[in-house]
Amino acid sequence: MKKTTIFAGSIAKFAMAVVAFGAMLTSCTEEDFNLNVEKTNAKIYFNPTVIDPITDATVTATFTGAETITGTPNIPAGSTTITATAASGATGSTTVNYDAVEAGTTATYSPLIVLSNGLFDLVQVGDAAETITTKYGNVNAGHSHNGFSWFMNQSDYSAKFTAEWSETAKIEVEVLETIANSPQLQAYLKALAQEFTKEGTAEFNISAWAMFRTIFTLTATETTYDVVSKENPDYVVAKIKLTNPLEKVECKGEEAAIPGHEGHYQHGHSHGNGNNAGGGIGWAE
């Protein structure tokens, strides 16, 4: 696939819970850290966007093949075919080829599923092109370091942190060629350009005396389709390009020693399971 990488700056408007420390702020020697802080298991979530071209809207649906995948602790690359069934009985499906996910990382895939309208089907042509945007999570009222805000675990005990994100985007439709125009075709193409909102969370374990932030990677896909007749799949009525701005959102954590406490910090270690709780870290448009 063709890939383009774009780096974005810090993102504003965040929510953070109050940090509760369950231990006194004491220092300790390297030998005192006797518990490994394991990364959380990798997770893949599937949150499809379902479009009903008859009602010209996104709709809720029941899914098969969209169950959450949990790693042990990693997840190898694979694929799943997701089928959506709306309350009207209309169905649609798509196949998601997902990448490998390492422990301590979550990936949310939001593929497009277009329900059947009895007139047209979409047939993908070639591979999708990808555009990747990186956003850095911020901590409201956090500690600033090197231009970013960080959650600080100033404790001999490990901490848990929950990251939250929310993004609103709109599907872009570009008509490359119209072969057999009709009012029905125009209505179908118009219905594909829907706006939607996706949300997600990710949990992390943080080492003692560590500062922590999250990195979000957004993957947009640009896919070419033939619009074909439902009755005769060999009859192409139009060629279009669809851009899904939120095909995939990956969230991973980054931690480092708190400046001035490098002697206390050991990546992946602490005295034990503490009650320290970090709150939401993410972005909103």
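Residues numbered from 1 in each chain as written. Predicted model: local features only at pLDDT ≥ 70, side-chain atom pairs only at ≥ 80, totals over all residues. Heavy atoms only, no water.

## What about the overall build of the protein chain?
Stage number 1. Within the protein chain, the regular secondary structure consists of one helix and 21 strands.
Stage number 2. As displayed, the protein chain has an accessible area near 13900 Å², and 48% of this comes from carbon and sulfur atoms. (Helix = DSSP H or I, 4+ residues; strand = E, 2+ residues; numbered from the N terminus. Areas by Shrake-Rupley, 256 points an atom, 1.4 Å probe, with all protein chains shown as cover.)

## Quick notes on the sheet that holds strand β4 (residues 49-52)
Stage number 1. What the three strands build is an open sheet, ordered β5-β4-β11; its pairing is mixed. Two strands close off the open sheet at either side, each with one partner strand: β5 (57-58) and β11 (112-114). (Pairing = 2+ DSSP bridges.)

## Considering the confidence of the model for the protein chain
Stage number 1. Of the residues in the protein chain, 77% reach a pLDDT of 70 or more, and the chain-wide mean stands at 83.
Stage number 2. Per-residue pLDDT stays below 50 along residues 1-34; that stretch engages in 86 contacts with residues further than four places along the chain or on separate chains.
Stage number 3. Counted against residues more than four places away or in other chains, residues 274-281, with its pLDDT under 50, gives 42 contacts. (pLDDT = per-residue confidence, 0-100. Contact = heavy atoms within 4.5 Å.)

## Some points on the pairing of strand β17 (residues 195-206)
Stage number 1. By the alternation rule, side chains of β17 split into F196, K198, G200, A202, F204 and I206, which are all buried, and E195, T197, E199, T201, E203 and N205, of which none is buried.
Stage number 2. Where strand β15 (residues 158-170) lies against β17, twelve bridges are found, and the strand directions are antiparallel. Among the inter-strand pairings, K170 is bridged to a residue of β17, identified as E195. (Buried < 20%, exposed > 50% of the residue type's maximum accessible area, 1.4 Å probe, protein only.)

## Examining the packing of aromatic side chains
Stage number 1. Per the stated rule, a full pass over the model turns up six aromatic pairs.
Stage number 2. What links up through ring pairs into an aromatic cluster is the set F151, F161, F204 and F212. (Phe/Tyr/Trp six-rings, centres within 6.5 Å; stacked < 30°, edge-to-face > 60°.)

## Brief notes about the environment of A77
Stage number 1. Here A77 is to be found in the loop between β7 (69-70) and β8 (78-85).
Stage number 2. Considering only alpha carbons, one finds A77 and D99, 22 residues apart in sequence, at a separation of 4.5 Å.
Stage number 3. The residues touching A77, leaving out its near neighbours within four places in the chain, are Y98, D99 and A100.

## Description of helix α1 (residues 183-192)
Stage number 1. Turning to α1, its buried residues are L185, Y188, L189, A191 and L192. Burial along α1 is one-sided: seen end-on, the buried residues are contained in an arc of 160°. Opposite the packed face of α1, turned more than 90 degrees from it, sit the exposed residues P183 and K190.
Stage number 2. Tucked inside the fold, the buried residues of α1 contact β4, β11, β12 (120-136), β16 (172-178), β18 (210-229) and β19 (236-257). (Arc of directions from axis to C-beta.)

## Some thoughts on the side chain of E250
Stage number 1. Tracing the backbone through its elements, the reader meets E250 in strand β19.
Stage number 2. On the accessibility criterion, E250 (16% relative accessible area) is buried.
Stage number 3. Excluding residues within four positions of it along the chain, E250 makes contact with T105, T106, A107, I215, F216 and T217.

## Section: the pairing of β18
Stage number 1. Among the 20 residues that make up β18, 18 are buried, leaving the element largely enclosed by the rest of the structure.
Stage number 2. When β12 meets β18, the two strands line up antiparallel, connected through 14 bridges. Its bridge partner being in β18, F120 is matched across the sheet by S229.
Stage number 3. Pairing of β18 with β19, which is carried by 18 bridges, proceeds in the antiparallel orientation. Residue pairing in the sheet places F212 in a bridge with E255 of β19.
Stage number 4. Here β18 folds back onto β19, and the loop between the two strands holds six residues.

## Digging into the pattern of salt bridges
Stage number 1. A complete count under the given rule lists eight salt bridges for this structure.
Stage number 2. Of the charged contacts in the structure, one is a salt bridge between K190 and D56, with a shortest N-O distance of 2.7 Å. With K190 in helix α1 and D56 in the loop between β4 and β5, this pair connects stretches of sequence that are 134 residues apart.
Stage number 3. Of the charged contacts, one joins K241 and E222 as a salt bridge, the two residues approaching to 3.8 Å between their closest N and O atoms. Here E222 lies in strand β18 and K241 lies in strand β19, a separation of 19 residues in the sequence.
Stage number 4. It is possible to trace a salt-bridge network through shared partners that takes in D99, K248 and E250. (Salt bridge = Lys/Arg side-chain N within 4 Å of Asp/Glu carboxyl O.)

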